[in-house]
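Fold and geometry: a report
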Amino acid sequence: MADRHLFVGQRSLSLAVIAAALSFISGCSLPAARSASPRSFLPEITPNLNPQADSNTSQEKALVAQPNQAYKQAISKLIQQENIQRLNKPIPAEFQGKTFKDIKVNSAIKAVAKGTLDKPSGQDATLKPIALTFDDGPWPSSTVQALDVLKKNNVKATFFVVGRQVQKYPQLAKRIVAEGHAIANHSWSHQYHRYNQVGAANEIDKTADIVYKITGVKTNLFRPPGGILNNGLAAYAQQKKYGVVMWSADSLDWRYHNPNVLINRILKEASTGGIVLMHDGGGDRSKTLRALPQLMGELKKRGYKFVTVPELMEMQQKDKELMARKG
Ligand SMILES: [Zn+2]
């Protein structure tokens, strides 16, 4: 959490308390964790200082372990609720019903560099936010792999899910949200033909309904299958005030199965406020997803920081506020 970008809207106090509690539970002795006093709602867990006590029966051990486990579960539930609340916030008005392929977030940084704006306190001018997005899942092997890698690297991404896949693999959709990623709408059946109003409503609303039913998140971002903007789906999504999210860096991972090609393509097209297109479904993408750790490492080396698409939107709002103050 400490390395979240400063532009990203402040999380509510509850998340700070959760973080403190997590630090406490994991045995971390950060002063912040102590001063936030998670003990006020978490009873003291007495450390076992007696080596003799190691001969506890398994039942006793289970009793000792149980509260810890219960706290962890309670806290992960709170974090999940916090994520859902955050994802259910309406997207900024300027993105509602609009189509975009990236989000300009660095006017303030440029103005600081030019000397026309004072550096906002604590702002990291070297930061280059970028959003990784995964389409066509959930998919049994590849989505699990993507989630595992993202978790290991503490990176949050945005998953554009296909409704019928969510119906098939609800646990994976739940996991996407539980692990702090953004979830978004990618139609019910991922077809490329023309849709009338009723057909488009069926594709988009049915997906929104199942995502809500399974995860509690109301989708407000849509990506048309195949990036097709003129077959009725994007028009319906715009009508429903969705932000229609395209991309600025295309891995073409569905075409090329050589990880180096994927990495090089993305590095070439990466940009500040950029949106990277990859796939965790539509087939087993495990081979190309194997490139994900290296790709993230290379992007990090180049000064990129990973955020979700909703976070990029928040960053743009902050960027605009800073520029307005300058004006
Ligand atoms: Zn797709």
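What counts, and at which threshold
- Residues numbered from 1 in each chain as written.
- Predicted model: local features only at pLDDT ≥ 70, side-chain atom pairs only at ≥ 80, totals over all residues.
- Heavy atoms only, no water.
- Helix = DSSP H or I, 4+ residues; strand = E, 2+ residues; numbered from the N terminus.
- Buried < 20%, exposed > 50% of the residue type's maximum accessible area, 1.4 Å probe, protein only.
- Contact = heavy atoms within 4.5 Å.
- Areas by Shrake-Rupley, 256 points an atom, 1.4 Å probe, with all protein chains shown as cover.
- pLDDT = per-residue confidence, 0-100.
- Core = buried A, V, L, I, M, F, W, Y, C linked by side-chain atoms within 4.5 Å.
- Pairing = 2+ DSSP bridges.
- Salt bridge = Lys/Arg side-chain N within 4 Å of Asp/Glu carboxyl O.
- Polar contact = N/O pair within 3.5 Å; in protein donor to acceptor, adjacent residues only side chain to side chain.
- Axes fitted to C-alpha atoms, helices over the stretch in contact; angles between N-to-C directions.
- Parallel < 35°, antiparallel > 145°, perpendicular 65-115°, else oblique.
- Nonpolar A, V, L, I, M, F, W, Y, C, P; charged D, E, K, R; others polar.

**Overview of the overall build of the protein chain**
Looking only at helices and strands, the protein chain has 13 helices and nine strands in total. Among the 327 residues that make up the protein chain, the fraction classed as buried is 49%. For the protein chain, contacts bridging at least 24 residues in sequence account for 77% of all contacts bridging at least 6. Carbon and sulfur atoms make up 54% of the accessible area of the protein chain, which totals about 16,400 Å².

**Observations concerning the environment of histidine 257**
Secondary-structure assignment places histidine 257 in the loop between β7 (249-250) and α10 (259-269). Distance from histidine 257 to serine 286, taken between C-alpha atoms, is 9.7 Å for residues 29 residues apart in sequence.

**Structural notes on the confidence of the model for the protein chain**
Averaged over every residue, the pLDDT of the protein chain is 82; residues scoring 70 or more account for 77%. For the stretch residues 1-13, pLDDT sits under 50, and the model shows 28 contacts to residues farther than four places along the chain or on other chains.

**Things to note about the nonpolar core**
Core analysis: the largest hydrophobic core is formed by 40 residues, its most contacted members being Leu132, Phe134 and Leu299. Those residues in contact with phenylalanine 134, other than ones at most four positions away along the chain, are Ala146, Leu150, Ala157, Thr158, Phe159, Phe160, Met278, His279, Asp280, Leu289 and Leu292. In this structure, Leu221, Ile275, Val307 and Met315 belong to the second largest nonpolar core, which totals 17 residues.

**Examining helix α7 (residues 170-178)**
Within α7, burial applies to Leu172, Ala173, Arg175, Ile176 and Val177. Remark: glycine 180 follows α7 within two positions and exhibits a positive phi of approximately 85°.

**Examining the pairing of strand β9 (residues 304-307)**
Both faces of β9 are covered, namely the face carrying Tyr304 and Phe306 and the face carrying Lys305 and Val307. Pairing of strand β2 (residues 128-135) with β9, which is carried by four bridges, proceeds in the parallel orientation. Opposite isoleucine 130, over in β9, you have phenylalanine 306 as the bridge partner.

**Comments concerning the pattern of salt bridges**
Taken as a whole and judged by the stated rule, the model has 10 salt bridges. Linking arginine 265 and glutamate 269 is a salt bridge whose minimum nitrogen-to-oxygen distance equals 3.6 Å. Separated by four residues within a single helix, arginine 265 and glutamate 269 lie in helix α10, roughly one turn from each other. Given the relative accessible area of 25%, arginine 265 is considered partly exposed. Looking at glutamate 269, the relative accessible area reads 30%, which means it is partly exposed.

**A look at unusual backbone geometry**
Backbone torsion omega between glycine 137 and proline 138 reads -5°, so that peptide bond is classified as cis. Of note, serine 187 is a non-glycine position whose phi angle comes to about 80°, a positive value. Structurally, the position occupied by serine 187 is in the loop between β4 (182-185) and α8 (197-215). A positive phi angle, close to 50°, is found at leucine 252, a residue other than glycine. The class for leucine 252 is buried, based on a relative accessible area of 9%.

**Quick look at the pairing of β2**
Among the eight residues in β2, seven count as buried, and that is most of the element. Two strands pair when backbone bridges link them, and β2 and strand β8 (residues 274-279) are joined in this way by six bridges, in the parallel orientation. Bridge pairing in β8 links isoleucine 130 to glycine 274. By the bridge criterion, three bridges tie β2 to strand β3 (residues 158-161) in an arrangement that is parallel.

**Some points on the side chain of threonine 143**
One can find threonine 143 in helix α5 (residues 140-152). Residue class for threonine 143 comes out buried when judged on its relative accessible area of 0%. A distance of 2.7 Å separates the side chain of threonine 143 from the backbone nitrogen of tryptophan 139, its partner in a polar contact.

**Description of the packing of helix α4 (residues 107-114) against helix α13 (residues 309-326)**
Closest axis-to-axis distance for the α4/α13 pair is 8 Å, and the angle between their directions is 40°. Relative to α13, the element α4 lies oblique. The residues of α13 that touch α4, namely those facing Ser107, Ala108, Ile109 and Ala111, are Asp319, Leu322, Met323 and Lys326. Within the contact of α4 with α13, the residues separate by chemical class into five nonpolar, one polar and two charged.

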